[in-house]
Each structure stands twice: as C-alpha cells, then as structure tokens.
Amino acid sequence: VVIAPQFENVEDFVNGLALVKTKTKETVEKNGKKSIKSQTRYGFINPAGEFVIPPTFLSDGYNLAFSDELFRAIDPSDKKQIYINRKGEIVWKEK
C-alpha cells in the first residue's frame, strides 16, 4: 500500500488499520505576542489512506496496533490513560 506523504509517521497495517502520527501548527496569541504551537496527535487510517479514527489522541509510546480490539492511548485534555475501540470510542478511562 502506498500512501501520499501527509503524515509524520505511519506504522504497519494490522487487521486493516495503521497508526499514524500527525503534527499540526497553529498561531497562538498571548499578551500581544504571537507564537507557533505544534501539536502531535495519533489516529488510524485504512489502506486507502482515509481516517477511520481521526488523529485526536496522544500515544502512550508503546502501542502500535490494536490488541484484543482495544488500543491504549492518552487523552490530550487531561493526560489520563484511555482505551479506545476500533470505532474510536473511549471504553475505559483512568480515574
């Protein structure tokens, strides 16, 4: 499978999904000063290069594919560990 270069990194496909790393840049203004903020997020694509799970979560640094239909990640809003299903739904969150 060949995917146009649009991601920072793409892992191997496992059961039809590949973990991708994206990086976005946005201009942030604070106290009259502008700065560029870079955000790294992870999601999953299918072999056609289409997002099945949008890049909205952080990686825990260990998982590269789903295991038993779940993927361990980090919620960017509070940095807590989560597990998502193959639909991208959070099925468990650290308390």
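Thresholds applied
- Residues numbered from 1 in each chain as written.
- Predicted model: local features only at pLDDT ≥ 70, side-chain atom pairs only at ≥ 80, totals over all residues.
- Heavy atoms only, no water.
- Pairing = 2+ DSSP bridges.
- Helix = DSSP H or I, 4+ residues; strand = E, 2+ residues; numbered from the N terminus.
- Phe/Tyr/Trp six-rings, centres within 6.5 Å; stacked < 30°, edge-to-face > 60°.
- Buried < 20%, exposed > 50% of the residue type's maximum accessible area, 1.4 Å probe, protein only.
- Salt bridge = Lys/Arg side-chain N within 4 Å of Asp/Glu carboxyl O.
- Core = buried A, V, L, I, M, F, W, Y, C linked by side-chain atoms within 4.5 Å.

A. Structural context of the pairing of strand β5 (residues 71-74). One ladder, built from two bridges, connects strand β4 (residues 51-59) with β5; its direction is antiparallel. Paired with L58 across the two strands is I74, which belongs to β5. Where β5 meets strand β6 (residues 81-84), four bridges bridge the pair, whose relative direction is antiparallel. Across the sheet, residue R72 finds its bridge partner in β6, namely Y83. The antiparallel pairing of β5 with β6 creates a hairpin that spans six residues between the two strands, and K79 there sits at a positive phi of about 60°.

B. Highlighting the packing of aromatic side chains. The tally for this structure, following the rule as stated, stands at seven aromatic pairs. Summarising the aromatic geometry, the rings of F44 and F66 are spaced 4.8 Å apart at their centres and angled 45° between planes, so their arrangement reads as tilted. With a gap of 22 residues between them, F44 in strand β3 (residues 33-45) and F66 in the loop between β4 and β5 connect regions that are remote in the sequence. For the residue pair F44 and F66, the accessibility class agrees, reading buried in each case. Both rings, one in F57 and one in F71, keep their centres 5.6 Å apart while their planes meet at 55°; by these two values the pair is tilted. Taken together, the residues span a long stretch of sequence, with F57 in strand β4 and F71 in strand β5 at a distance of 14 residues. Look at F57 and you get buried, because its relative accessible area is 3%.

C. Here's a closer look at the pattern of salt bridges. Taken as a whole and assessed by the stated rule, the structure comprises four salt bridges. For R72, the salt bridge identified is with D60, shortest N-O distance 2.3 Å. Of this pair, R72 sits in strand β5 while D60 sits in the loop between β4 and β5, and the two are 12 residues apart along the sequence. If you follow the salt bridges from partner to partner, you end up with D75, D78 and K93 in one network.

D. Just the nonpolar core, in detail. Counting 11 residues, the largest nonpolar core is built from L17, L19, Y42, F44, I53, F57, F66, F71, A73, I82 and I84. Listed by contribution, the elements that provide at least two residues to this core are β3, β4, β5 and β6.

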